[in-house]
Every structure is written in structure tokens, then in C-alpha cells.
Amino acid sequence: MGGYQEGIVILLCINCIAAMGVSLLTGFTGIFTLGHAAYMALGAYTAAIMTVRYGIHWLPAILAGGIVAVAVAWMIGVPTLRLTGDYYAIASIGLGEAIRLILENWQSFTRGARGFPGIDSYTTRNIAVAFFTVLTILMFNLIDSRLGRELKASRDDRLAASLMGFNTTASRMKALLLSAFYCGISGALLGGYMNFIQPSMFDMMKSTELTAVVVFGGLGSMSGTLLGSAIVTSVMEYFRDISQYRMLIYGLLLVVIMVVRPEGLLGNREIWSFLPGNGSGRRG
Amino acid sequence: MPLNFALSTLFQQIINGLSLGSVYALIAVGYSLVYSILLFSNFAHGGFLVVGGYACYYLLTQSGYGIVLASAGAVLASGVVAVLTERLAYKPIRERTSTTLYLLIASMGVSIVIENIFVIVVGGRFRALPQDTFPSGVFSLGSGVTVNASDILSLAVAVIFLGALQLFLSRTRWGLAIRAAACDLRTAGLMGVNVSLLIGIVFFVAGLLAAVGGIFLSAKYSIYPQLGNITIKAFIAAVIGGLGSLPGAVLGSLLLGLAEMLTAGFISSQMRDIVVFSMLVAMLLVRPAGFFGKRVGDKI
């Protein structure tokens, strides 16, 4: 496998991990976020600073990246998860941008807008695939677990779910923390692959992309999220030569999908429910 | 810092803040107008502003029109693009589903499309409107306080346009229809309002106001494809004032402009954006519906 192909595999794994996190929150819990790139930034900066400044091994550094993202998400989530609909989405833009701006202005710690260079290439293909595999297995088990059903119930009808005895506030919080963890890990892996991170890599555009990928794949379909993320990542990579047109095509794709098939590629069904002989169809 | 120096800086920054806030208000009001009818955040609104800015630039430099004709052309162009956006992208979605999330995503797509059409067609570089487009004089108000003529002009034009909008909404039949639709679009339709035409008018007005804001921003800074990103500030202003409320959008914009300029004058200009986003978050925590917002529970 050539270096270029290998790079694409690594990027695919990284983007899929982040997209699964956002999918859990947006697709399965119904909380629409436009600021999750900030959690990737927190993970990336945590891992970079730990490995470069303090010489800590990459494995604990990546996990710490996830944990820092979770800690910040918890502080943010306690007050903001009371908000619903567009209001949470707008708050998440504000929070995401605020985190990015803090990273950009905290010169002494993050080197500011110039970016943070010299990160070891700890994200090899095998490591990326290993993280992706473990996190994917965990995620698919999670959405079929009690918590997963609780999330879907509170997404479909929050009032009914709470009348059934679910603590919907607590389950929304768990979804946010888990999604921040996935994005934190993904950011930490990204830093180890690019060897260089910069606050502008984690701007609102990146957050939008994360959410768009989830909608593209199908809200409420985890395999759809993976498929959507894989398609968008590879299209973006293979079209790198015509970079001018790349973003135009991406924007048009978003509009056309919303017009033609707003429910996304797979709707709210998982991919195996389309296989022959599986008439029941597991619904997400 | 000596007292009178601090005082004159204060005055100076208040005037700058009101001028900036009035430009935000033009953008925020259009955004809020669309929100009040369709209940979704139109992220393509920034694109309308960029269309207006570029149209004005090219009309001024290529066809030799004066600023009045060029602005009129720019405003028209933006209005048409806004209506086309609604007809081509939002209307088919509205007809299929009532989930506003899909409109939101589509509007992000439109915003990316508009921005990148300009990147491809005219390139990404910054262009300044011709020097003598707007009056460049400086008035002195005594004790070191000076005001740019262009700031006064932008404040005055914003007041005229917002006043005209207010008259349109309160005195005309279509204004009445728009206010009715803001209460309940479906019922307004059942009462005999031509909803499709009404939404078209709303988008035209929103595009028109965005273009006016875009022209002033192009004159103040310069015009480039990503200029539309500044609408994020107008969104925040609209949320602080209360989504869907026009007086709220104006109040939020002025507050935001003042906060930005006072931060720039007394703390540091790097802190401007952090202050803006902190204001948004603080407002959402304390009073999610904003100053004049209503029915938070309904707007899901």
C-alpha cells in the first residue's frame, strides 16, 4: 500500500471516529451541534502538548485528549443542554468558536495562530485502524444497549421518554460526553498524523462538515454515518487536484442531498437491514 | 490613562460601536425576518451580503456608475439571489418536510456554494471599493473626539432602511401578511395569503438589507469571498435580541457593536471576538429567548 493510500486510510479512520461521536449526539439523541470541531481541537492540543513538551507516551496522551474533551464538554453541557433546537445549535457555535479563539490567543501555551509543529508521527495506519475498530465496536454495542434505547426514546419524544421513567437530562449529558470523547480521540490522532496542528483547522467549517456527514449518511444510522464519512473523505481527497472546485461540489452536494433525499443515504436504518433475507429491518 | 483621554476614547468608541452595530442591524434584521417566518437559521444570509458587495464593486469599477446606481444594482442583485436561493433550494425541501434541520443544512450548502463561486470566478484576493466612493472627511467633536463621515453615513442609511422596513411592515397589506405569517404561517395561508409570494418577498427584503450591509462592510474593510462570515455576528445579535424579533435584532446589534468597540478601545482588539461569543453564551444561559424573544418552547 503506497504512502498516499495509507494516508487516506488513516484520514478515513480519523474522520469516521469523529463522525460517530457527532452521530451519537445528533442522529441518536437529536441534539444538533455546530461546534464539535472544538472537541477535536482540545484532543489534538492535549495530545500534542503532552507528547512534545512532557515526552509522555502517545497512548496515554491520546486517551488524555479524549478525557480533556469530556471534561470541557461536561462543564459546557451542564448549563447548555437545557437549550433545545436551534438554540443549542447556536450556543454550540458560540462555544466552539470561543474554544478555538482561546487556543488561538493563549500564545504561551499553544503557540497561538502559528500552530503547533513537531508532533511525532505516532498515528500509523495500524494504530488508526486499531482505534477505529475498538471505538466502532463499542459504539455499535452502545446504541443497542439500554442507554442507546434511552437516547432514541428521548430523541423521538422527550416528554414521553421522561414519563416512561427515563432521566432524559442525564442521558443527553452522557451522549454529549461520549461524543466529545470520540471527537477528542479523533483530534489527538489527527495531530499525530499531520505532525502539525493549528486552531484554524478546527473552525466552524470543520464542525459543519462533521454534522453534514452525519446528515448525509442518515440521521439515526450509525453505519450510514460511516458510509457517509467514507464517501465524503474519499471524494474530498481524490478531488484535491481541482481544489478550487472541491468546496463548490461539496456545497452543491449538501443542497442536492437535502432536496432529493433529506433523510440521507440510509435513512434511519442500519446497513445490514438492507441485506437480502433480513426483512425485519433494524430501525435506529 | 488620564481621565479626559479615557473619556474621549469612550466617546469615540461609542460612536464607532453604534456605526458598526447599525451595519450588523441591517444584516441581523433580514436574518431575523426569515427566521420569524420559516423558523430556521438561514446560514446563506452571509452569501447575499457578499453578492451585494461584489455587485457594487463591479458596477463601480467596470460600468462607471455612481455609488447610488451601483448600490441600487447591488441591492437588486442580492434580492434576486436570495429569492432564487429560496425557490431552488428551500422551497422543494419545505414542500417535502416540516423538519427545519434540513433547511439549515441546505443553507450551509448554499453558503459554501456562493462563497466558492466567487473564489473560482473572481479569485480570493481582497478588493477595495474605489477611494472616493464614500465621503472620507473627518468631523471633530472637540476634545479629541473625531468621527468619520462614512460612519455617520452608515448610521444614517441604516436608520433610513430600518425605518422604511418598519413602515412597510406596519402600514402595508404585505407587511400585515408578513406579521400574520410570523405568528402562524399555515393559518396565514388558510386566511388567503399567497404564502409562496410572501416568502419570496421576505427573502427579497432580507437579501436587499444584507446587500446594504455588505456595501458598507466592503467600504469599511474590503470585499472578499469570505466576507459573509461576518454574519455570524449578526446571528449572535439576533439571538441576543430574541430570534425572530426585529426590534430585538436592532438592539442586539447595537449592543454587540458597542461591546466590540469598547473591548477594542479599552482591552485589546484580539479580545473582541471572545467577548462577542461570551455574550452569546451568557445570554443563552440567562435568558435563552433573548430580550424580545417569545415562546422558546415552541421553537424547536
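Residues numbered from 1 in each chain as written. Chains lettered and ligands numbered in written order. Predicted model: local features only at pLDDT ≥ 70, side-chain atom pairs only at ≥ 80, totals over all residues. Heavy atoms only, no water.

What follows covers the environment of B:S98. Residues and elements named next belong to chain B. Looking at the element boundaries, S98 is found in the loop between helix 3 (67-96) and helix 4 (100-122). Under the relative-accessibility criterion, S98 is labelled exposed at 72%. For the pair S98 and F48, spaced 50 residues apart in sequence, the C-alpha to C-alpha distance is 24 Å. (Helix = DSSP H or I, 4+ residues; strand = E, 2+ residues; numbered from the N terminus. Buried < 20%, exposed > 50% of the residue type's maximum accessible area, 1.4 Å probe, protein only.)

So, about the packing of helix 5 (residues 149-171) of chain B against helix 6 (residues 173-183) of chain B. How two helices pack is summed up by the angle between their axes together with the distance between the axes. Residue and element names in this part refer to chain B. It is the contact of helix 5 with helix 6, at a shortest axis distance of 5 Å, that shows an interaxial angle of 85°. Here helix 5 is positioned roughly perpendicular relative to helix 6, judged by the angle of their axes. Contact with helix 5, carried on its side by F168, L169, S170 and R171, involves R173, W174, G175, L176, I178 and R179 of helix 6 and no other residues of that element. Split by residue class, the contact of helix 5 with helix 6 holds five nonpolar, two polar and three charged. (Axes fitted to C-alpha atoms, helices over the stretch in contact; angles between N-to-C directions. Parallel < 35°, antiparallel > 145°, perpendicular 65-115°, else oblique. Contact = heavy atoms within 4.5 Å. Nonpolar A, V, L, I, M, F, W, Y, C, P; charged D, E, K, R; others polar.)

This brings us to the interface of chain B and chain A. Across the contact, 41 residues belong to chain B and 40 residues belong to chain A. Across the interface of chain B and chain A, roughly 3500 Å² is buried in total on both sides, 79% from carbon and sulfur atoms. Three residues, B:I105, B:I112 and B:I120, lead the burial of chain B against chain A; their summed loss comes to 16% of the area buried on that side. Where chain B packs against chain A, one counts zero salt bridges. Scanning the region where chain B abuts chain A turns up two residue pairs in polar contact (both at pLDDT 80 or more). Put simply, the parts of the chain that give the side of chain B that touches chain A at least two residues each are helix 1 (3-38), helix 3, helix 4, helix 9 (231-241) and helix 11 (272-286) of chain B. Ranked by residue count, the leading element in the side of chain B that touches chain A is helix 4 of chain B, at 14 residues. (Buried area = accessible area lost by both parts, 1.4 Å probe. Salt bridge = Lys/Arg side-chain N within 4 Å of Asp/Glu carboxyl O. Polar contact = N/O pair within 3.5 Å; in protein donor to acceptor, adjacent residues only side chain to side chain.)

All names here are of chain A. Given a rise of 1.5 Å per residue, 14 residues ought to cover 20 Å, and the 20 Å separating the end C-alpha atoms of helix 10 (residues 204-217) matches this to within 8%. Most of helix 10 is tucked away, with twelve of its 14 residues classed as buried. Those residues of helix 10 that fall on the buried side of the exposure criterion are K206, S207, T208, E209, L210, T211, A212, V213, V214, V215, F216 and G217. Downstream of helix 10 by one or two residues, G218 has phi in the positive range, about 125°. (Expected span 1.5 Å × (residues − 1).)

In this structure, A:Y39 and B:Y90 are the most contacted members of the largest nonpolar core, which totals 184 residues. Beyond its immediate sequence surroundings of up to four residues, A:Y39 is in contact with A:A69, A:V72, A:A73, A:I76, A:L176, A:A180, A:C183 and A:G184. (Core = buried A, V, L, I, M, F, W, Y, C linked by side-chain atoms within 4.5 Å.)

For the rest of this paragraph, the subject is unusual backbone geometry. Residues and elements named next belong to chain A. Even without a glycine there, the phi angle at R111 is positive, about 65°. Following the sequence through the fold, R111 ends up in the loop between helix 5 (107-110) and helix 6 (125-143). Although it is not a glycine, N195 adopts a positive phi angle of roughly 65°. By secondary structure assignment, the location of N195 is in the loop between helix 9 (168-194) and helix 10.

This brings us to the packing of aromatic side chains. For the structure on display, the rule yields eleven aromatic pairs over all chains. Relative to A:F116, the ring of A:Y45 lies with its centre 6.4 Å away and its plane at 80°, an arrangement referred to as edge-to-face. Linking A:Y45 in helix 2 (residues 37-54) with A:F116 in the loop between helix 5 and helix 6, this pair joins segments that are 71 residues apart in sequence. An aromatic cluster of three or more residues is present, and its members are B:Y54, B:Y57, B:Y58 and B:F118. (Phe/Tyr/Trp six-rings, centres within 6.5 Å; stacked < 30°, edge-to-face > 60°.)

Looking now at a nonpolar patch on the surface. Residue and element names in this part refer to chain A. On the surface, Y4, L227, I231, V235, Y238, F239, I242, Y245, I249, L265, I271 and F274 cluster together into a nonpolar patch covering about 980 Å² of accessible area. Residue assignment for the nonpolar patch shows that the elements contributing at least two residues are helix 11 (222-238) and helix 12 (243-260). Residue placement: Y4 occurs in helix 1 (residues 3-26). (Patch = residues over 30% accessible without salt bridge, like charges linked within 9 Å, V, L, I, M, F, W, Y side chains within 5 Å. Areas by Shrake-Rupley, 256 points an atom, 1.4 Å probe, with all protein chains shown as cover.)

Residue and element names in this part refer to chain A. Tracing the sequence through the fold places E150 in helix 7 (residues 146-156). According to the relative accessible area criterion, E150 is buried, its value standing at 8%. Excluding residues that lie within four positions of it along the chain, E150 makes contacts with F166, N167 and S171.

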